Amino acid sequence: GGGGGGAVVGIHIRYGMAKGGAFGGCLPPVDYYLKCLDYYRDRFGGHVAFVYASEPSGMVWFRDEVLTKDANGARDVFPVATSDPVETMAVLSKCDASVFSYGSYGWFSAWLARGPVTYSAHLTNLKELGHCETVLRSGAGASNHIPQAWIKI
């Protein structure tokens with residue numbers, strides 16, 4: 001946990017399917033990720049490292065669109081060194097805290113980690129999610145799949 005030795009926060013970026021098609025509009029905005037980095041740095045008193053994972057285009061997007069804008073210089077943010085989905089899930093599920101973006105893979109890795117989880121406020125904004133056809137058609141809504149203990153950012 002975050003007690004004495006610091007914490008590792010896992011970030012799964014749902015990118016490929018969410019970038020277009022039925023999942024278009026589901027991606028959290030860039031500033032969500034930046035706010036999460038700051039939130040966990042404050043929560044753990046700066047004693048934190050972040051690991052991020054996605055498919056290849058998501059890794060590039062996160063590096064180019066998010067990490068380049070991090071006021072801290074992203075000195076504490078590292079890519080997961082595998083593209084194997086099983087190994088990636090294992091790494092993310094062992095983190096002390098999680099940043100949830102969207103989708104079942106990110107949800108399960110955050111849930112399995114059992115630490116604090118942040119999620120984007122846009123997931124509860126039906127006006128914004130109107131661009132995410134799949135969520136609207138499912139009728140699920142955030143209240144049915146985001147645990148109450150998770151932290152809206």
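That block above? That's the structure.
Before going into details, it helps to say that this report is about the structure given with it. Everything quoted here is computed from the prediction, not taken from an experiment. Per chain, residues are indexed from 1 in the order of the written sequence. Residue-level local features of this predicted model are given only where pLDDT is at least 70; pairs of side-chain atoms are given and counted only at 80 or more, and the full residue set underlies all totals for whole chains, interfaces and linings. The basis for every side-chain value is the complete set of heavy atoms in the structure, and neither hydrogens nor water enter the calculation.

Runs of E in the DSSP output that reach at least two residues are strands. Runs of H or I that reach at least four are helices, and both are numbered from the N terminus. Here Val9 is to be found in strand β1 (residues 7-12). Residues Val9 and Val77 lie 68 residues apart in sequence; the distance between their C-alpha atoms is 9.3 Å. Leave out the neighbours within four places in its chain, and Val9 touches Tyr40, Phe44, Val48, Ala49, Phe50, Val51, Cys95, Ala97, Ser98 and Val99. The contact definition used throughout considers only heavy atoms, calling two residues in contact when any of these lie within 4.5 Å.

The subject of this paragraph is the nonpolar core. Residues enter a nonpolar core if they are buried and are Ala, Val, Leu, Ile, Met, Phe, Trp, Tyr or Cys, with the set joined through side-chain atoms within 4.5 Å. Whether a residue is buried, partly exposed or exposed follows from its accessible area with a 1.4 Å probe, protein chains only, as a fraction of its type maximum: under 20%, in between, or over 50%, in that order. Counting 25 residues, the largest nonpolar core has Ile11, Tyr33 and Phe62 as its most contacted members. Every element with two or more residues in this core is listed here: β1, α1 (30-43), β2 (48-53), α2 (56-66) and β4 (97-100). No other element matches α1, which puts 6 residues into this core. Leaving out residues up to four positions away in the same chain, Ile11 has contacts with Tyr33, Leu37, Phe50, Val51, Tyr52, Ala53, Phe62, Leu92 and Val99. Grouped together as the second largest cluster of nonpolar side chains are 9 residues, Ala110, Val117, Tyr119 and Ile146 included.

Attention now goes to empty space enclosed by the protein. Cavities and pockets were defined on a 1 Å grid built from protein atoms only: a cavity is a group of points that admits a 1.4 Å probe but offers it no way out, a pocket is an open group of points flanked by protein on both sides within 12 Å along at least five of seven lines, and a lining residue is one with an atom within 4 Å of any such point. Grid points are joined across faces, edges and corners, and a volume is the space filled by probe spheres set on the points. All told, the structure shown has 1 cavity of 30 Å³ or more when counted by the stated rule. Space inside the largest cavity adds up to approximately 50 Å³. Along its surface, the largest cavity is lined by Gly10, Ile11, His12, Leu92, Ser98, Val99, Phe100, Ser101, Gly106, Ser109 and Ala110. Taken together, the elements giving at least two residues each to the lining of the largest cavity come down to β1, β4 and α4 (104-113). All amino acids are sorted into three groups, where Ala, Val, Leu, Ile, Met, Phe, Trp, Tyr, Cys and Pro are nonpolar, Asp, Glu, Lys and Arg are charged, and the leftover types, Gly among them, are polar. The residue inventory of the lining of the largest cavity, partitioned by class, reads 5 nonpolar, 6 polar and no charged.

Here the focus is the sheet that holds β1. Strands pair, by our definition, only if DSSP identifies at least two bridges between them. On the basis of which strands lie adjacent, the open sheet formed by 6 strands has the order β3-β2-β1-β4-β5-β6 and parallel pairing. Sheet topology places β3 (77-79) and β6 (151-152) at the edges, where each strand pairs with a single neighbour. Two strands pair when backbone bridges link them, and β1 and β4 are joined in this way by 3 bridges, in the parallel orientation. Counted as the bridge partner of Val9 is Ala97 from β4. Every angle, taken between N-to-C directions, lies between 0 and 180 degrees, and every axis is a line fitted to C-alpha atoms, over only the stretch in contact when it is a helix. The strands touched by α1 are β1, β2, β3, β4, β5 (117-119) and β6; relative to β4, the strand with the most contacts, the crossing angle is about 165 degrees. Where α4 meets the sheet, its contacts fall on β1, β4 and β5, and the angle it forms with β4 comes to roughly 160 degrees.

Each pair of aromatic rings taken from Phe, Tyr and Trp, with Trp reduced to its six-membered ring, is defined by centres within 6.5 Å and is described as stacked if the planes are under 30 degrees apart, edge-to-face if over 60, and tilted in the remaining cases. Per the counting criterion, the structure on display carries 10 aromatic pairs. Where Tyr33 meets Phe62, the ring centres are 5.5 Å apart and the plane angle is 85 degrees; that geometry is what we call edge-to-face. With a gap of 29 residues between them, Tyr33 in helix α1 and Phe62 in helix α2 connect regions that are remote in the sequence. Among the residues examined, Tyr33 registers a relative accessible area of 2% and is labelled buried. On the accessibility criterion, Phe62 (0% relative accessible area) is buried. Ring centres 5.1 Å apart and planes at 75 degrees place the aromatic pair Tyr39 and Tyr40 in the edge-to-face group. By relative accessible area, which is 25% here, Tyr39 ends up partly exposed.

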